[in-house]
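Structural features, examined
So the chains spell out like this:
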Amino acid sequence: MAMGFALTEKAVIDKNGTGTVVNANWHDYKIPTAKDVPLEQTCIAVDPGDTECNTLGVKGLGELGTMPTAPAIANAIYNATGIRVTDAPITPMQMVKLLAGKNKRA
C-alpha cells in the first residue's frame, strides 16, 4: 500500500472542484502486486485483545506503516541523486524531467 502511494498509484481528481476521482479505468491506476514488493518482510505479532485501547479490544496497524514509506523513498532518491522529490507518485518520467532540470542548472 505504501509503495503504491510512493511509486505507482495516481488518482486523478476532477479539476472542477467536485473532488471526484476521474481516472479513466483501473488499468492505468497501478497497484503493486506481490511480485513488486521486497521478498524480505518481517511480521511481528501484536498482543491480541487489548480492551484498554478501545471497547472492542482491536488494534488498527495497517495504515501506520504507510506513513513513513513515501518520504523514505523520496529521501533515498535525494541521497542518490541530489534531487528533492515532493510529489507522489514518483514516476520514471518525473525523474527524467527532474534530472534534466538539474543538469540545466548545473
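Reading guide: rules and limits
- Residues numbered from 1 in each chain as written.
- Predicted model: local features only at pLDDT ≥ 70, side-chain atom pairs only at ≥ 80, totals over all residues.
- Heavy atoms only, no water.
- pLDDT = per-residue confidence, 0-100.
- Helix = DSSP H or I, 4+ residues; strand = E, 2+ residues; numbered from the N terminus.
- Expected span 1.5 Å × (residues − 1).
- Buried < 20%, exposed > 50% of the residue type's maximum accessible area, 1.4 Å probe, protein only.
- Arc of directions from axis to C-beta.
- Core = buried A, V, L, I, M, F, W, Y, C linked by side-chain atoms within 4.5 Å.
- Contact = heavy atoms within 4.5 Å.

This part covers the confidence of the model for the protein. For the protein, per-residue confidence averages 82 on the pLDDT scale, and 94% of positions sit at 70 or higher. Per-element mean pLDDT across the protein ranges from 83 in helix α3 (residues 92-105) up to 94 in helix α2 (residues 69-81).

With that settled, the discussion passes to α2. End to end, α2 covers 18 Å across 13 residues, agreeing with the expected 18 Å (1.5 Å per residue, within 8%). Those residues of α2 that sit buried are A70, I73, A74 and I77. Seen from one end, α2 has its buried residues packed into an arc of 100°, which puts them on one side. In the segment just after α2, G82 is the residue with positive phi, at about 80°.

So, about the nonpolar core. Judged by nonpolar contacts, A6, A70, I73, A74, I77, I83, V85, I90 and M95 together constitute the single largest core of 9 residues. Element by element, the count of residues in this core is highest for α2, at 4 residues. If we skip the residues at most four places from it in the chain, V85 touches A74, I77, I90, Q94, M95 and L98.

Along the chain, Q94 falls in helix α3. Taking the relative accessible area as the measure of exposure, Q94 reaches 16% and is therefore buried. Among residues more than four places away in sequence, those in contact with Q94 are V85, D87 and P89.

Another point: the side chain of T66. Inspection of the secondary structure puts T66 in the loop between α1 (2-7) and α2. Discounting residues that sit within four places of it in the chain, T66 has contacts with M1 and A2.

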